[in-house]
Amino acid sequence: VAIPEEDKPDADTVQVLRDLANRLRIHSIRTTCALSTGHPTSCSSAAEIMSVLFFYIMKYKQEDPENPNNDRFILCKGHAALILCHTWVEVGNILSLPFLCRSDLTLMEDFLITLDSRDVARLAFVDVAIGWYGPGLGTACGMAYTGKYFDNASYRVFCLLGDGESWEGSVWEALAFGSHYNLDNLMAIFDVNRLGHSGVLPIENCIEIYQKRCEAFGWNTYVVDGRDVEALCDVFWQAAQVKNKPTAIIAKTFKGRGIPSVEDTENWHGKPMPTERADAIIKLIESQIETNRQLTPKSPVEDSPYVNTTNVEMTSLPVYEVGDKVATRKACGLALAKLGHANDRVIVLDGDTKNSTFSEIFKKEHPERFIECFIAEQNMVNVALGCAIRGRTIAFVSTLAAFLTRAFEQIRIGTITESNINLIGSNSGVSIGEDGPSQMALEDLAMFRAVPNCTVFYPSDAVSTEYAVFLAANTQGLCYIRTSRPETDVIYSPTEIFEIGKAKVIRQSVDDKVTVIGAGVTLHEILVAADELSKQDTPIRVIDLFTIKPLDTDTIIAHAKCTGGRIITVEDHHLEGGIGEAVCAAVSMEPDILVHSLAVQGVPRSGKPSELLDMFGISARHIIVSVKCMLTN
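Conventions adopted
- Residues numbered from 1 in each chain as written.
- Predicted model: local features only at pLDDT ≥ 70, side-chain atom pairs only at ≥ 80, totals over all residues.
- Heavy atoms only, no water.
- Phe/Tyr/Trp six-rings, centres within 6.5 Å; stacked < 30°, edge-to-face > 60°.
- Helix = DSSP H or I, 4+ residues; strand = E, 2+ residues; numbered from the N terminus.
- Buried < 20%, exposed > 50% of the residue type's maximum accessible area, 1.4 Å probe, protein only.
- Domains from an automatic or database assignment.
- Salt bridge = Lys/Arg side-chain N within 4 Å of Asp/Glu carboxyl O.
- Pairing = 2+ DSSP bridges.
- Axes fitted to C-alpha atoms, helices over the stretch in contact; angles between N-to-C directions.
- Contact = heavy atoms within 4.5 Å.
- Polar contact = N/O pair within 3.5 Å; in protein donor to acceptor, adjacent residues only side chain to side chain.
- Core = buried A, V, L, I, M, F, W, Y, C linked by side-chain atoms within 4.5 Å.
- Parallel < 35°, antiparallel > 145°, perpendicular 65-115°, else oblique.
- Left-handed = near helix turned anticlockwise from the far one by under 90°.
- Nonpolar A, V, L, I, M, F, W, Y, C, P; charged D, E, K, R; others polar.
- pLDDT = per-residue confidence, 0-100.
- 1 Å grid on protein atoms, 1.4 Å probe; cavity = no way out; pocket = protein on both sides within 12 Å on 5 of 7 lines; lining within 4 Å.
- Points joined across faces, edges and corners; volume = space filled by probe spheres on them.
- UniProt positions renumbered as here; feature names shortened; annotations may be inferred.

Turning next to the packing of aromatic side chains. Summed over the entire model, instances satisfying the criterion amount to 16 aromatic pairs. When the ring of W172 is compared with that of F217, the centres are 5.3 Å apart and the planes differ by 40°; the resulting orientation is tilted. Separated by 45 residues along the polypeptide, W172 in helix α7 (residues 169–180) and F217 in the loop between α8 (207–216) and β4 (220–225) bring together distant segments of the chain. Among the residues examined, W172 registers a relative accessible area of 17% and is labelled buried. Looking at F217, the relative accessible area reads 30%, which means it is partly exposed. Centre to centre, the rings of F457 and F546 are 5.8 Å apart; their planes meet at 75°, and the pair counts as edge-to-face. Of this pair, F457 sits in strand β11 (residues 454–458) while F546 sits in strand β17 (residues 546–549), and the two are 89 residues apart along the sequence. The pair formed by F457 and F546 is uniform in burial state, with each residue classed as buried.

With that settled, the discussion passes to the domain arrangement of the protein chain. The assigned domain composition of the protein chain is domain 1 (11–112 + 127–287), domain 2 (324–490) and domain 3 (504–632). The centre of domain 1, based on its C-alpha atoms, is set 53 Å off from the matching centre of domain 3.

Applying the stated criterion across every chain, the model contains 24 salt bridges. We note a salt bridge from D151 to R345, for which the minimum N-O separation is 2.5 Å. With D151 in the loop between α6 (136–150) and β2 (157–162) and R345 in the loop between α11 (328–342) and β7 (346–350), this pair connects stretches of sequence that are 194 residues apart. Overall, the relative accessible area of 8% leaves R345 in the buried class. K325 is paired through a salt bridge with D489; the nearest N and O atoms lie 2.9 Å apart. With K325 in strand β6 (residues 325–327) and D489 in strand β13 (residues 487–489), this pair connects stretches of sequence that are 164 residues apart.

Turning to the sheet that holds strand β15 (residues 514–518), a few remarks are in order. Taken in spatial order, the 5 strands make up an open sheet running β14-β16-β15-β18-β19, and their pairing is mixed. The open sheet has two free edges, formed respectively by β14 (504–507) and β19 (594–600), since each of these has just one partner strand. Adjacent strand axes in the sheet meet at a mean angle of 25° when their direction is disregarded. Direction of pairing for β15 relative to strand β18 (residues 566–574): parallel, over a ladder of 3 bridges. Bridged to I517 within β18 is T569. Taken strand by strand, helix α19 (residues 553–562) contacts β14, β15, β16 (540–544) and β18, and its axis lies near 175° from that of β16. Against the sheet, helix α22 (residues 620–632) engages β15, β16, β18 and β19, with an angle of about 150° to β18.

Once that is clear, we can look at the environment of Y222. As for its position among the elements, Y222 is in strand β4. Distance from Y222 to Q211, taken between C-alpha atoms, is 7.3 Å for residues 11 residues apart in sequence. One polar contact links Y222 to N220, side chain to side chain, over a distance of 3.4 Å.

This brings us to the sheet that holds strand β3 (residues 186–192). In spatial order, the strands read β1-β2-β3-β5-β4; together these 5 strands make up an open sheet with parallel pairing. Here the strands that pair on one side only, and so sit at the sheet edges, are β1 (72–75) and β4. Between one strand axis and the next, the sheet turns through 20° on average, direction left out of account. With 6 bridges joining them, β2 and β3 adopt parallel strand pairing. Across the sheet, the residue bridging to L161 is F190, located in β3.

Looking at where S42 falls in the secondary structure, it is placed in helix α2 (residues 40–45). Aside from chain neighbours lying at most four places away, what touches S42 is K77, H79, A80, K255 and H269.

Our focus in this paragraph is the nonpolar core. Membership of the largest hydrophobic core comes to 84 residues, with the highest contact counts inside it found for L349, I371 and L423. The contact partners of L349, leaving out residues within four places of it in the chain, are I371, C373, M380, V383, A384, A395, F396, V397 and S398. Counting residues in hydrophobic clusters, the runner-up holds 44 residues, among them A47, A80, V224 and L232.

Running from N to C, helix α3 (residues 47–57) and helix α9 (residues 229–241) cross one another at 55°; their axes reach a closest spacing of 10 Å. On the basis of their axis angle, the class for α3 and α9 is oblique. Judged by the twist between their axes, the crossing of α3 over α9 is right-handed. Seen from α3, the contacting residues are E48, I49, V52, L53, Y56 and I57; seen from α9, they are V229, L232, C233 and F236. Classifying every residue of the contact of α3 with α9 gives 9 nonpolar, no polar and 1 charged.

On to the confidence of the model for the protein chain, then. Close inspection of predicted coordinates is inappropriate for parts of the model with low pLDDT. Summing up the model confidence of the protein chain, the mean pLDDT is 91 and the portion of residues at 70 or higher is 93%. Per-residue pLDDT stays below 50 along residues 94–121; that stretch engages in 66 contacts with residues further than four places along the chain or on separate chains.

Going through the model one piece at a time under the given rule, you end up with 5 cavities of 30 Å³ or more. When its volume is computed, the second largest cavity comes out at roughly 90 Å³. Around the second largest cavity, the lining is made up of 12 residues, and of these M58, D71, F73, W88 and R390 lie nearest the centre. Listing elements by their share of the lining of the second largest cavity, those giving two or more residues are β1 and α4 (81–91). Taken together, the residues that form the lining of the second largest cavity break down as 8 nonpolar, 1 polar and 3 charged.

The sites that UniProt annotates as "domain: Transketolase-like pyrimidine-binding" (unreviewed entry) are residues 326–490. With 39% helix and 22% strand, residues 326–490 has its two end C-alpha atoms placed 7 Å apart.

A pair of packed helices can be characterised by two numbers: the angle between their axes and the separation between those axes. Look at α6 against α7: their axes get within 8 Å of each other, and the N-to-C directions meet at 20°. Taken together, α6 and α7 sit at an angle that is classed as roughly parallel. Both α6 and α7 take part in a crossing whose hand is left-handed. Counting all contacts with α6, which are made through L137, G138, C141 and Y145, the residues of α7 involved are V171, A174, L175, F177 and G178. Classifying every residue of the contact of α6 with α7 by side-chain character gives 7 nonpolar, 2 polar and no charged.

Shown next as structure tokens:
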């Protein structure tokens, strides 16, 4: 479709867009030269794309980068982070860049180093950190899904990718997701500049191959000269007319565009211009600038609804009674459905495991807020990150715990971005039984304990599971909830109070000999052992941790001292990085406390849950033996 005359940029506007692109190049060269580090060539190839997007196509309030009505932009090619920052300076939002002004871009060296990193997520206009490439398009999918299906708003999402990162599998997972859900408010721009991080990419500038790949995934696709601002304006306009399909724009560019002897040349990645050459290069680019005009971004349509994702209250107490047998994975599914009634911005994402995780209960009661991500865990976490950005949703990701290891990079990025998303890992440990070792999560606690600012819940019954879900919904940062497959007894009354970082002492007497600590399935093995040991006049104290991180160190130490400094930990997890090591770290500065850990050793096998708990040393029988050995020694 030909662009109407009234929508075409006039000759003056086209020249201003060219001039803005060149100014962005100059800023990138000058800043990286002053710092003796950075990526001016990566910035230069994207200059025209950034100029057209931010000064002609996108609609946003420049003084309010986080406004919910604004068009969204995600820069996937993170080495070009500096050009995004300089674009906002040119836009005129000085307030979003403290200590930085247009007249002197090299004053605050420490701050500029932050700008040239790939993790500038704490700046107001950056929604997500990128890290080592790949997660951006999935996050953009989540933002676009939220805009189309939850907000029903006019804002659009633009995502700029490098051609090197397009080899990441998560990018193709996102392409499949975007077309499946008809995200016509999403636009992916591929900056195809031929050169990667360490050399020439396999298909170089063969843009027809990129085009065919995107079309095969169901995307409306255009090929354009990424150096031609007028052509870019034309394809962006055409893309806005397309319904029921996301758009991919394959922009042919050159790395180091506009820099003599550097443009389209190898071995310049991550290298600033030499000081002795920088002034001449800058003067050459300045000679091509004909105006000093600015363009004011178009205002957004203000139709994004007000949402409240804070202070979600439990509408009624849990319905379970002590002694009921309920699997925590099922209790989690029921709790999610209940949470969905408490707040209409609660969403659940699942990876084709809803009949195992019981997230199908949420889908049945809130079908419009359930996102099926299929078997693509990396993209599922990315989409959740995008849905949760700017506080638009309360996002829960639900899958088998073992499968979350595939998405560890995305989980890390979520932490760096300070995102509020909740991950539920179902069917953890050897207690899943016959499904076998490939689906037994035995390293997930170690993984999430290693992530900064992550709250790790490990509920032991249906009541504590429901409270964990509601607490996670109200907790800042990343949350992980570990659930189990076997049906286990409800041990808490519905009125029990649960707090993050507060353990529960559920068996104690003045005669207790050993403090035994567990969570989940192993807590029930500990209780069986406690009953048997009590008959043998060897009472033990039993602690349910509830949260593995933060750990209730005070409670652990206080009760260990009441039982002669003797602690045994029991976990359906590998020894490394699990409950035992967490407790050891907590008491490491305390004299006269001894910790013995029971955990799954080696690679497990398929079998009946009770048999596997016993085979791998974490059953009631092994707990009894360990208590007696500790007392004997």
